[in-house]
Amino acid sequence: QVQLVESGGGLVQPGGSLRLSCAASGFTFSSYAMSWYRQAPGKERELVAGISSAGLRTDYADSVKGRFTISRVNDKNTVYLQMNSLKPEDTAVYYCKAKFGWTTYWGQGTQVTVSS
């Protein structure tokens, strides 16, 4: 059974940091490109960051460049999102996504709230 389980979300003050994790199982993790998306209330889901299957290429939304870092450890079937210098506008539910060809899997999401 395919599973993507996000963790690490929570409440943090502006300027703070969080590290999200997404643990995968049920498929060949090392073959899949992984991404983090987020969705704020009343807004569409948007791409935050992506990483290639071997971890050699990364991409970021302009709004998070220089603050967020995506990484993966294929031996642990896990992808991470290190988020620094958090802003209130980063508040959203964060989802991880796995993609290989036409096959896509999504996690259930983890809430990140940035507020004083």
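Here, every reference points to the structure presented above.
The rules behind the values
Along every chain, residues carry numbers that run from 1 in the direction the sequence is written. In keeping with the model being predicted, local features are shown solely for residues with a pLDDT of at least 70 and side-chain atom pairs are shown and tallied solely at 80 or more, while totals for entire chains, interfaces and linings include all residues. Hydrogen atoms and water are omitted, and side-chain values are computed over all heavy atoms in the structure. Buried Ala, Val, Leu, Ile, Met, Phe, Trp, Tyr and Cys residues that are joined via side-chain atoms within 4.5 Å together make up what is termed a nonpolar core. Exposed residues in this analysis have more than 50% of their type's maximum accessible area, buried residues have under 20%, and partly exposed residues fall in between, with area computed by a 1.4 Å probe over protein chains only. Comment: elements are numbered from the N terminus, with helices defined as DSSP H or I runs of at least four residues and strands as E runs of at least two. Only heavy atoms enter the contact rule, under which two residues are in contact if any of them lie within 4.5 Å. Any two strands are treated as partners once DSSP identifies two or more bridges connecting them. The salt bridge definition used is simple: a Lys or Arg side-chain nitrogen within 4 Å of an Asp or Glu carboxyl oxygen.

**Q** Before we go on, may I ask you to explain the nonpolar core in this structure?
**A** A general tendency of soluble globular proteins is for nonpolar side chains to be buried together. Of all hydrophobic cores here, the largest spans 29 residues; its most connected members are Met-34, Trp-36, Leu-81, Met-83 and Tyr-94. Secondary structure elements with two or more residues in this core: β3 (18-25), β4 (33-39), β5 (46-51), β7 (68-73), β8 (78-83), β9 (92-100) and β11 (110-114).

**Q** Honestly, the side chain of Ser-21 in this entry has me stumped. Any pointers?
**A** With respect to the helices, strands and loops of the structure, Ser-21 is situated in strand β3. Looking at Ser-21, the relative accessible area reads 17%, which means it is buried. With near-sequence residues (within four places) excluded, Ser-21 lies in contact with Val-5, Glu-6, Ser-7, Trp-36, Thr-78, Val-79 and Tyr-80.

**Q** What exactly am I supposed to notice about the pairing of β11 here?
**A** Looking down a regular strand, the side chains alternate between one sheet face and the other. Here β11 shows a buried face lined by Thr-110, Val-112 and Val-114 and an unburied face lined by Gln-111 and Thr-113. In this sheet, β11 lies alongside strand β2 (residues 10-12) in parallel orientation, the contact comprising 3 bridges. Within β11, the residue paired with Val-12 across the bridge is Val-114.

**Q** Help me out: how do you make sense of the pattern of salt bridges in this one?
**A** A side chain with one charge can pair with a side chain of the opposite charge if their charged atoms come near. Summed over the entire model, instances satisfying the criterion amount to 5 salt bridges. The partner of Lys-65 in a salt bridge is Asp-62, and the shortest N-O contact between them spans 3.2 Å. Of the residues examined, Asp-62 reaches a relative accessible area of 65% and is grouped as exposed. For Asp-90, the salt bridge is made with Arg-67, and the minimal N-O distance between the two is 2.8 Å. Pair noted here: Asp-90 is in the loop between β8 and β9 and Arg-67 is in the loop between β6 (58-60) and β7, with a separation of 23 residues, a long-range link. Through salt bridges with shared partners, a single ionic network connects Arg-38, Glu-46, Arg-67 and Asp-90.

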